[in-house]
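# Observations on the three-dimensional arrangement
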Amino acid sequence: MYNVKRVVALLLAIIALGTSAQNTQAGMIGPPLGLRGVMEKIRFSEPTPAPMAYTMFCMRYSDQCGQQPRARMVFRGGGTRLTKERQVELIAVNASVNRQIAPQRNERGLAGEEWVINPARGDCNDYAVSKRHELLARGWPMRNLLLSEVVTSWGEHHLVLVVRVKGGDIVLDNLSAQIRSWSKPNYRWVRMQTPENPDHWAAIAQAGV
């Protein structure tokens, strides 16, 4: 009986160690600390025109848009799996672009709005398209890197980059050093690129709608 108890205890210890190792591994490839908890995808309501500045952006940077037939072939599949390596890329790109572009407000309004990749100085639009550009260069699929227009709590229109990962949508934002679930910032969501075709934008369904 004594030997049986020892064997059972040993087996339970082995199982416990295996479970602990699995949990540790899962934690390594799970969401970053700031993203733990419930995430969900942004829901669209209806098609809407793209911002005029986006149209001008695509004329200047055609490789960043879905105008070419070859580019349209990538818009299949679900969200990107958020591995440890992908987490590191997101954090690095968000931090480096926030650091490298000096903030400068657009004082000319819509007439002077221009989206530029990696300028020395720029506003929220430049931060968002630069982060998208850097992640595309690292092999992230275009369908999961979606520019989105929001309105801040103080009433200012603002552009962020929404990254669609398995489990939900997260936000890279020049107003925050953290990468957060899209439901965390106190924004009113207006419109966003669609995963099927980034040249097509759609209005965003508000919570409870």
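Above this text you will find the structure in question.
Attention in this report is confined to the structure presented alongside it. (Residues numbered from 1 in each chain as written. Predicted model: local features only at pLDDT ≥ 70, side-chain atom pairs only at ≥ 80, totals over all residues. Heavy atoms only, no water.)

## A closer look at the overall build of the protein
- Helix and strand content of the protein: five helices and nine strands.
- Put simply, the protein runs from its N terminus to its C terminus through helices and strands in the order α-β-α-α-α-β-β-α-β-β-β-β-β-β.
- By the burial criterion, 45% of the 209 residues in the protein qualify as buried.
- Across the protein, contacts joining residues at least 24 apart in sequence account for 63% of those joining residues at least 6 apart.
- In the structure as shown, the protein presents an accessible area of about 12000 Å², 57% of it carried by carbon and sulfur atoms. (Helix = DSSP H or I, 4+ residues; strand = E, 2+ residues; numbered from the N terminus. Buried < 20%, exposed > 50% of the residue type's maximum accessible area, 1.4 Å probe, protein only. Contact = heavy atoms within 4.5 Å. Areas by Shrake-Rupley, 256 points an atom, 1.4 Å probe, with all protein chains shown as cover.)

## Looking at the packing of aromatic side chains
- For the coordinates displayed, the defined rule picks out seven aromatic pairs.
- A centroid spacing of 5.4 Å and a plane angle of 65° characterise the contact between Tyr54 and Trp201, whose relative ring orientation is edge-to-face. Of the two residues, Tyr54 is situated in helix 2 (residues 52-60) and Trp201 in strand 9 (residues 197-204); the sequence distance between them amounts to 147 residues.
- Here Tyr54 falls in the buried class, since its relative accessible area comes to 2%.
- An aromatic cluster is present here, built from Tyr54, Phe57, Tyr61, Trp115 and Trp201 joined pairwise through their rings. (Phe/Tyr/Trp six-rings, centres within 6.5 Å; stacked < 30°, edge-to-face > 60°.)

## Describing the sheet that holds strand 4 (residues 145-151)
- Spatial strand order, 1-9-8-4-5-6-7: seven strands in an open sheet with antiparallel pairing. Here the strands that pair on one side only, and so sit at the sheet edges, are strand 1 (44-48) and strand 7 (180-181).
- With five bridges connecting them, strand 5 (residues 157-165) and strand 6 (residues 168-172) associate as antiparallel partners. The residue of strand 6 that forms the bridge with Arg164 is Asp169. (Pairing = 2+ DSSP bridges.)

## Some remarks on the pattern of salt bridges
- Scanning all chains against the criterion turns up seven salt bridges.
- One salt bridge connects Glu156 with Arg105, and the closest N-O pair in it is separated by 3.3 Å. You can see Glu156 sitting in the loop between strand 4 and strand 5 and its partner Arg105 sitting in the loop between strand 2 (102-103) and strand 3 (121-122), a full 51 residues away along the chain.
- A salt bridge links Arg164 to Asp169, with the shortest nitrogen-to-oxygen separation between them at 2.7 Å. Neither Arg164 nor Asp169 differs from the other in exposure class; each is buried. (Salt bridge = Lys/Arg side-chain N within 4 Å of Asp/Glu carboxyl O.)

## Side note on helix 5 (residues 124-137)
- The end-to-end C-alpha distance of helix 5, which contains 14 residues, comes to 20 Å, matching closely the 20 Å that a straight helix rising 1.5 Å per residue would cover.
- When you tally the buried positions in helix 5, you get twelve out of 14 residues, the bulk of the element. (Expected span 1.5 Å × (residues − 1).)

## Some thoughts on the environment of Ser96
- Relative to the helices and strands, Ser96 resides in helix 4 (residues 84-100).
- Considering only alpha carbons, one finds Ser96 and Lys131, 35 residues apart in sequence, at a separation of 9.0 Å.

## A closer look at the state of the cysteines
- With the rule as written, the count across this model stands at one disulfide.
- Disulfide partner of Cys58: Cys65, at an S-S distance of 2.0 Å. With the S-S dihedral at roughly -90°, the linkage between Cys58 and Cys65 falls on the left-handed side. Here Cys58 matches Cys65 in class, with each residue buried. (Disulfide = S-S within 2.5 Å.)

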